[in-house]
Amino acid sequence: METKILTQESVADAARIIKNGGLVVMPTETVYGLGADAFNKQAVANIFRAKGRPMDNPLIVHIGAIQDLKKVAAEIPEKAIKLAKAFWPGPLTMVLPKAECVPDEVSAGLDTVAVRYPSHPLAETLILLSDTLIAAPSANLSGSPSPTELKHVIDDMNGRVDAILDGGSCEVGLESTVISLVGDVPRLLRPGGVTVDEIESVIGEIEIDPAVTDKLKEGQRAESPGMKYKHYAPQARIIIVKGSDEQYIRYVNSREQKGVGAICFDEDAEKLSVPFFSLGAKDDCQSQAKNLFSVLRSVDEAGIELAYARCPKLDGVGLAVYNRLIRAAGFEVIRLA
Ligand code: AMP
Ligand code: MG
């Protein structure tokens, strides 16, 4: 398949491709998404094929206006309306009871649907011009780090999709926060750019699914199917190192040999004697989020086989950075403190 690279002037061409049942990679403020008409079963099935995604991992439906929520959700609780008003358009996905018209291919057979209204102007325009809603997972090959730059998308998706819409670098850099509003108490399934504190300031206390920070036990059911897979992983082995600045630097330098590298903070860089890739300043979780997936891809490009990573803070957007990094590391952690 020939893949067209389109610029924003050609967004109408991209919309036509969606209408005709094709696949278009669209930029969003979180990561690039691999989109198709959410109501076209064949087109949705093609998303799974292009990514090599397991069919039991449901997709997020992207809408272009808050009112579109009614088109896919069978019930809209008060808290969903409050969250939509506070955070949409933006990096928050809500899981709600599914309307019948949403194909099982989108929800992977669940009776719920995940919905998000993205804030990237090109995504919004694409959805509105397509005259439908767009189902889209992240536009990476299944298991690889999500794409936050055009180059990442081309590396993974060239020849697998009809078109890629160039939107530059993704601002947030990590996938959306996913919250389920199906049970009695809202439940965070995946942390992202909208933080727990921000959500609680609008709807009160929420629960945090244990899979956000910990590995699921054998046989335990994943509330969010995507959280059960080893995810976001580069070819290199990643190990998170928990400890003080000095402990981290001493430990990593003691492991110096060919193929060993560091995923560090800016402040560590000059003290390291192995090749390093910085996530950003130690206290700047926003930059760490934005840089994480690029760093994971760069580690592979540099031929690193084992990278020791600093542990991000576990609050604010740092929780989302940790959630992705611990999966990239296959939950391998060394505790020095
Ligand atoms: P991606 O689009 O690659 O970021 O993946 C979407 C994420 O949302 C995955 O972790 C899915 O498991 C999750 N998700 C999508 N639909 C649902 C749903 N109905 N219930 C729970 N999680 C969902
Ligand atoms: Mg993904």
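Student: Looking at this structure, how should I read the environment of Phe276?
Tutor: Relative to the helices and strands, Phe276 resides in strand E14 (residues 276–278). Taking C-alpha positions, Phe276 is 33 Å from Ile208, a pair spaced 68 residues apart along the chain. Among all residues touching Phe276, those that are not within four sequence positions of it are Ala262, Cys264 and Ala269.

Student: Honestly, the state of the cysteines in this entry has me stumped. Any pointers?
Tutor: Here, the word disulfide means a covalent bond between the sulfur atoms of two cysteines. Per the stated rule, a full pass over the model turns up zero disulfides. You can see Cys264 has no disulfide; the closest cysteine sulfur is in Cys311, sitting 14 Å from it. A residue is classified by how much of its surface remains accessible, and Cys264, at 0% relative accessible area, is buried. Here Cys285 is not cross-linked by a disulfide; its sulfur's nearest cysteine counterpart is in Cys311, at 11 Å.

Student: I tried to follow unusual backbone geometry on my own but got confused; where do I start?
Tutor: The bulk of non-glycine residues show a negative phi, and the bulk of peptide bonds are trans. A cis amide bond links Trp88 with the next residue in sequence, Pro89, at an omega value of -10 degrees. Here Pro89 shows up in the loop between helix H4 (78–87) and strand E5 (92–97). The phi angle at Asp131 is positive, at roughly 65 degrees, despite the residue not being glycine. Positionally, Asp131 belongs in the loop between helix H6 (121–130) and strand E7 (134–136). Phi at Phe331 is positive, roughly 65 degrees, even though this residue is not glycine.

Student: What should I look at first to understand the packing of aromatic side chains in this one?
Tutor: Any two aromatic rings considered together are summarised by their centre-to-centre distance and by the angle between their planes. Enumeration according to the criterion identifies one aromatic pair in this entry. Relative to Tyr308, the ring of Tyr251 has its centre 5.4 Å away and its plane inclined at 90 degrees; by these criteria the two rings are edge-to-face. Within this pair, whereas Tyr251 is found in helix H9 (residues 245–254), its partner Tyr308 is found in strand E15 (residues 306–310), the two being separated by 57 residues in sequence. Taking relative accessible area as the criterion, Tyr308 reaches 4% and is therefore assigned buried.

Student: Can you help me understand the packing of helix H1 (residues 11–19) against H6 in this one?
Tutor: For any two helices packed against each other, one specifies the crossing angle of their axes together with the interaxial distance. With their axes 8 Å apart at the nearest point, H1 and H6 run at an angle of 50 degrees to one another. Taken as axis vectors, H1 and H6 run oblique relative to one another. Note on packing geometry: the crossing formed by H1 with H6 is right-handed. In contact with Val11, Ala12, Ala14, Ala15, Ile18 and Lys19 of H1, H6 contributes Leu122, Thr125, Leu126, Leu129 and Ser130. Its residues assigned to classes, the contact of H1 with H6 shows eight nonpolar, two polar and one charged.

Student: Looking at this structure, I do not really get the packing of H4 against helix H8 (residues 196–203). What am I missing?
Tutor: Their axes nearest at 9 Å, the elements H4 and H8 cross at an angle of 125 degrees. With respect to each other, H4 and H8 are oriented oblique. In this structure, the crossing between H4 and H8 has a hand that is right-handed. Along its contact with H4, which presents Lys79, Lys82, Leu83, Ala86 and Phe87, the element H8 presents Glu198, Ile199, Val202 and Ile203.

Student: How should the pattern of salt bridges be read in this particular structure?
Tutor: Pairing is possible between side chains of opposite charge, provided their charged atoms come close. Under the definition given, this model contains 13 salt bridges. One salt bridge in this structure joins Asp156 and Arg297, with 3.0 Å as the shortest N-O distance. Separated by 141 residues along the polypeptide, Asp156 in helix H7 (residues 150–157) and Arg297 in helix H10 (residues 285–301) bring together distant segments of the chain. Like Arg297, Asp156 is buried. Overlapping salt bridges, with partners in common, bring together Asp245, Asp268, Lys282 and Arg310 in one network.

Student: I would appreciate a short explanation of the pairing of strand E12 (residues 237–242) in the present structure.
Tutor: A regular strand places its side chains so that they alternate between the two faces of the sheet. When E12 meets E15, the two strands line up parallel, connected through five bridges. Residue Arg237 lies in a different strand from E15, and its bridge partner there is Leu306. Pairing of E12 with strand E16 (residues 333–335), which is carried by three bridges, proceeds in the parallel orientation. Residue pairing in the sheet places Val241 in a bridge with Ile334 of E16.

Student: Mind showing me how you'd approach H8 here?
Tutor: Think of an α-helix as 3.6 residues a turn; residues three or four steps apart then line up on the same face. Every buried residue belonging to H8 is among Val196, Ile199 and Ile203, and all of these are buried. For H8, the buried positions fall inside an angular range of 65 degrees around the axis, keeping them on one side. Across from the buried face of H8, at angles greater than 90 degrees, the exposed residues are Asp197 and Ser201. Gly204 occupies a position one or two residues after H8 and carries a positive phi of about 80 degrees.

Conventions and cut-offs
- Residues numbered from 1 in each chain as written.
- Chains lettered and ligands numbered in written order.
- Predicted model: local features only at pLDDT ≥ 70, side-chain atom pairs only at ≥ 80, totals over all residues.
- Heavy atoms only, no water.
- Helix = DSSP H or I, 4+ residues; strand = E, 2+ residues; numbered from the N terminus.
- Contact = heavy atoms within 4.5 Å.
- Disulfide = S-S within 2.5 Å.
- Buried < 20%, exposed > 50% of the residue type's maximum accessible area, 1.4 Å probe, protein only.
- Phe/Tyr/Trp six-rings, centres within 6.5 Å; stacked < 30°, edge-to-face > 60°.
- Axes fitted to C-alpha atoms, helices over the stretch in contact; angles between N-to-C directions.
- Parallel < 35°, antiparallel > 145°, perpendicular 65-115°, else oblique.
- Left-handed = near helix turned anticlockwise from the far one by under 90°.
- Nonpolar A, V, L, I, M, F, W, Y, C, P; charged D, E, K, R; others polar.
- Salt bridge = Lys/Arg side-chain N within 4 Å of Asp/Glu carboxyl O.
- Pairing = 2+ DSSP bridges.
- Arc of directions from axis to C-beta.

Honestly, it's all geometry; don't read function into it.
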